[in-house]
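Coordinate analysis (summary)
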Amino acid sequence: MESILHLESKNLISDTVTMSKKCIEKEFPLHWHDFFEIDIILDGEGYQNFNGTEHPLRAGTAYILKPTDFHGLHADTPLRLFNIMFNESILSDEFVAMLLNQRKNIVVQLSEEVLKKVVFITDMMLDEYSGNLVFRDRYIKNLMEVLFFTLMRSFKPERISEQQYDASVKKVLLYIHMHFRENPSLEKAATVAGFCPNYFSELFHKGVGCTYSDYLTNLKLEYAVRLLENSDITSTDLCFECGFTSVSNFLRAFKKRFGISPKMYARNYKRSKAHGS
């Protein structure tokens, strides 16, 4: 296994979106980031580790990465691709929720016809992005939605029935699924919802069925397990990567949820994987 790099939006994204054509000559190491990313392979062959699953890459392969995903690329022949990195504000809440609700990796092999459409859309986007014409931002945002629809039609997203949460609770759930690694406080969540902390706490508990703190902790622990299963990350690094602020609190929460320490969990997982179970 390997370590996982953390790429931050503040170092990579100007404003809400950054896009370019890139070439991966050999490989790009396993990493995760705090933003969304779309890659469309234009030429070349290789494979990627996408959340621990290997996917082949060739012309027409497209994938969408969420902030909870991690991946690395390996090029058998140089991979030429169109890359878009963006934060959630460029898409509607409906689209962001659809992405976050997908349980399988969002990767698809586009038909030749659809790839031609996608290349046409992305070329328009890159041309607009490189200029400074009036309505530039709105133009790019609208093209992003067209690209999103085109890719998701080919992907055929899961239709996951949503629970009927209060609108303010739904807004907060979307927020914390995007920002749980920042350890958002109850006060911050209440501000997002537009309520005082006490009232929001009651509203969240009633709507979701657990406290805000428990829900946030479970999100962090689920992510911790995915990192353990796909890297050699230490317990200390794991603690802070998942949004915990205290190693002792993290270890206590992990053992309470899974019955063993992170180190033992990783050891058992590697042993079971080696035996093919």
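Just above sits the structure.
Rules used in this analysis
Residues numbered from 1 in each chain as written. Predicted model: local features only at pLDDT ≥ 70, side-chain atom pairs only at ≥ 80, totals over all residues. Heavy atoms only, no water. Helix = DSSP H or I, 4+ residues; strand = E, 2+ residues; numbered from the N terminus. Rg over C-alpha atoms; globule rule 2.2 N^0.38 Å. Buried < 20%, exposed > 50% of the residue type's maximum accessible area, 1.4 Å probe, protein only. Contact = heavy atoms within 4.5 Å. Phe/Tyr/Trp six-rings, centres within 6.5 Å; stacked < 30°, edge-to-face > 60°. Lys NZ or Arg CZ within 6 Å of the ring centre and 35° of its normal. Core = buried A, V, L, I, M, F, W, Y, C linked by side-chain atoms within 4.5 Å. Expected span 1.5 Å × (residues − 1). Arc of directions from axis to C-beta.

1. Considering the overall build of the protein
Along the backbone of the protein there are eleven helices and eight strands. For 277 residues, the compact-globule formula gives about 19 Å, and the C-alpha radius of gyration of the protein, at 20 Å, lands near that figure. For the protein, the residues scored as buried account for 46% of the 277 residues in total. Restricting the contact set of the protein to residue pairs at least 6 apart, pairs at least 24 apart contribute 73%.

2. Notes on the environment of Ser-248
Position of Ser-248 among the secondary structure elements: in helix α10 (residues 247-258). In the structure, Ser-248 is positioned 17 residues away from Tyr-265 in sequence and 17 Å away in space, judged by C-alpha atoms.

3. Digging into the packing of aromatic side chains
For the structure shown, the criterion picks out 17 aromatic pairs. Ring geometry for Phe-254 against Tyr-265: centres 5.9 Å apart, planes inclined by 85°, an arrangement best described as edge-to-face. Here Tyr-265 lies in helix α11 (residues 262-274) and Phe-254 lies in helix α10, a separation of eleven residues in the sequence. Over the ring of Tyr-223 we find Arg-181, and its NZ or CZ is 5.0 Å from the ring centre. The cationic tip of Lys-220 hangs over the ring face of Phe-244; the distance from NZ or CZ to the ring centre is 5.0 Å.

4. Some remarks on the nonpolar core
A general tendency of soluble globular proteins is for nonpolar side chains to be buried together. Counting residues in each nonpolar core, the largest one holds 38 residues, and the members touching the most others are Met-19, Ile-38, Ile-84 and Phe-86. The element that contributes the greatest number of residues to this core is helix α4 (residues 136-155), accounting for eight residues. Setting aside its immediate chain neighbours within four residues, Met-19 contacts Phe-82, Asn-83, Ile-84, Met-125, Leu-126, Tyr-129 and Ile-140. By size, the runner-up hydrophobic cluster in this structure holds 37 residues, among which are Phe-70, Tyr-175, Leu-216 and Leu-238.

5. Focus: unusual backbone geometry
A positive phi angle, close to 70°, is found at Phe-135, a residue other than glycine. If you trace the backbone, Phe-135 turns up in the loop between α3 (112-130) and α4. Judged by relative accessible area, Phe-135 falls into the exposed class, the value being 59%. The backbone of Asn-183 sits at a positive phi, close to 55°, despite the residue not being glycine. If you trace the backbone, Asn-183 turns up in the loop between α5 (167-179) and α6 (186-193).

6. Some thoughts on the environment of Phe-240
Mapped onto the elements of the fold, Phe-240 is located in helix α9 (residues 235-241). Put simply, Phe-240 and Glu-187 are 53 residues apart on the chain and 21 Å apart in space, counted from C-alpha to C-alpha. Sequence-distant contacts of Phe-240, defined by excluding residues within four places in its chain, comprise Thr-245, Ser-246 and Val-247.

7. Structural notes on α11
Here α11 contains 13 residues, and its C-alpha end-to-end distance of 18 Å stays within 8% of the 18 Å for a straight helix at 1.5 Å per residue. For α11, the set of buried residues is Pro-262, Tyr-265 and Ala-266. Down the axis of α11, the buried set is contained in an arc of 95°. They therefore lie on one face. For α11, the exposed residues set more than 90 degrees away from the buried face come down to Lys-263 and Ala-274. Buried-residue contacts for α11 involve α8 (212-230), α9 and α10.

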